[in-house]
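Residues per chain, in single letters:
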Amino acid sequence: MAKLKWVILGGLGSYLWARREIKKNPAGKVAQIFDAVSANPIVANVTGNAKDKVTEVVNAQGQKVTDKVAEEIKSRLFGSTTTSEPEPQYVDVEVEEVPASK
């Protein structure tokens, strides 16, 4: 776990350093390498797929949050809770004992 933390921190540091270099010198070596890598069709394809998946997950989670918020608002306004599980129904039953025949 500690190694993973250091790898993530190293990657984040490298990313931030590269962003700073590109902002400081847009025509510099780092910017040229970044442009060359991002223009690669394989990188563009993977980036596009990742963007699509992230968009799909964000939309699905946003819909769930919206539904929960709407349910909570309805519950507070109207005093009733809407749940997906139906309330159990109770049936009044009379039990009659039958004598065992010999």
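Our structure is the block above this text.
Residues numbered from 1 in each chain as written. Predicted model: local features only at pLDDT ≥ 70, side-chain atom pairs only at ≥ 80, totals over all residues. Heavy atoms only, no water.

(A) Quick peek at the pattern of salt bridges. The final tally for this structure, using the stated rule, is 3 salt bridges. Residue Glu-21 is joined to Lys-24 by a salt bridge in which the shortest nitrogen-to-oxygen separation is 3.6 Å. Taken together, the residues Glu-21 and Lys-24, both in helix α1 (residues 2-24) and 3 residues apart, mark about one turn of the helix. By relative accessible area, Glu-21 is classed as buried at 19%. Across the pair Glu-72 and Arg-76 runs a salt bridge whose closest N-O atoms are separated by 2.9 Å. Of the two residues, Glu-72 and Arg-76 both sit in helix α3 (residues 41-78), 4 residues apart, roughly one turn of that helix. Overall, the relative accessible area of 69% leaves Arg-76 in the exposed class. The network of salt bridges with common partners includes Arg-20, Glu-21 and Lys-24. (Salt bridge = Lys/Arg side-chain N within 4 Å of Asp/Glu carboxyl O. Helix = DSSP H or I, 4+ residues; strand = E, 2+ residues; numbered from the N terminus. Buried < 20%, exposed > 50% of the residue type's maximum accessible area, 1.4 Å probe, protein only.)

(B) Molecular detail of a nonpolar patch on the surface. Among the surface-exposed residues, Val-65, Val-69, Ile-73, Leu-77 and Phe-78 lie close enough to one another that they form a single nonpolar patch of about 540 Å² accessible area. When you line up the elements, Ile-73 lands in helix α3. (Patch = residues over 30% accessible without salt bridge, like charges linked within 9 Å, V, L, I, M, F, W, Y side chains within 5 Å. Areas by Shrake-Rupley, 256 points an atom, 1.4 Å probe, with all protein chains shown as cover.)

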